[in-house]
Amino acid sequence: MNEIIKNIEAAQLKENAPEFHVGDTVKVYGKIKEGNRERIQVFEGTVLKRQGGGARETFTVRKSSNGIGVEKTWPLHSPNVEKVEVVRKGKVRRAKLNYLRDRVGKRAKVKELVK
């Protein structure tokens, strides 16, 4: 039974999954359906976490909109995620950045990774 589920999930994976890490600032191009029309909306923010694996892998992005924190979680391999574009790399030392939820303004920034 497990092999059947693995085969189905493997067929749903994207071939060119986007390459980004926790702490990066990304632009997520998400498809939004309004009635019979479809458009692409950009959501730009910091990646707080990536969780799961395979076809079930999700990632959460947080941004500040008019002083209010907004978070969205997307499935990585969803057809509703057009593409994920990395704006800048972040230097972090942990896998989940939940502490950023309590911070506002400059304190909520992540240092940039310079190579």
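Here, the structure is the one placed above.
Residues numbered from 1 in each chain as written. Predicted model: local features only at pLDDT ≥ 70, side-chain atom pairs only at ≥ 80, totals over all residues. Heavy atoms only, no water.

Draft legend 1. Quick peek at the overall build of the protein. Scanning the protein from N- to C-terminus turns up 1 helix and 5 strands. Reading the helices (α) and strands (β) of the protein from amino to carboxyl end gives α-β-β-β-β-β. Along the longest, intermediate and shortest principal axes, the C-alpha atoms of the protein span 50 × 35 × 25 Å. Across the protein, contacts joining residues at least 24 apart in sequence account for 50% of those joining residues at least 6 apart. (Helix = DSSP H or I, 4+ residues; strand = E, 2+ residues; numbered from the N terminus. Contact = heavy atoms within 4.5 Å.)

Draft legend 2. Spatial organisation of the pattern of salt bridges. Under the definition given, this model contains 8 salt bridges. The partner of Arg101 in a salt bridge is Glu71, and the shortest N-O contact between them spans 2.7 Å. Highlighted residues: Arg101 in the segment after β5 (81–88) and Glu71 in strand β4 (residues 68–75), separated in sequence by 30 residues. The partly exposed category is assigned to Arg101, whose relative accessible area is 34%. Judged by its relative accessible area of 30%, Glu71 is partly exposed. Residue Glu112 pairs with Arg88 through a salt bridge whose shortest N-O separation is 3.6 Å. (Salt bridge = Lys/Arg side-chain N within 4 Å of Asp/Glu carboxyl O. Buried < 20%, exposed > 50% of the residue type's maximum accessible area, 1.4 Å probe, protein only.)

Coordinates in, geometry out; function isn't part of it.
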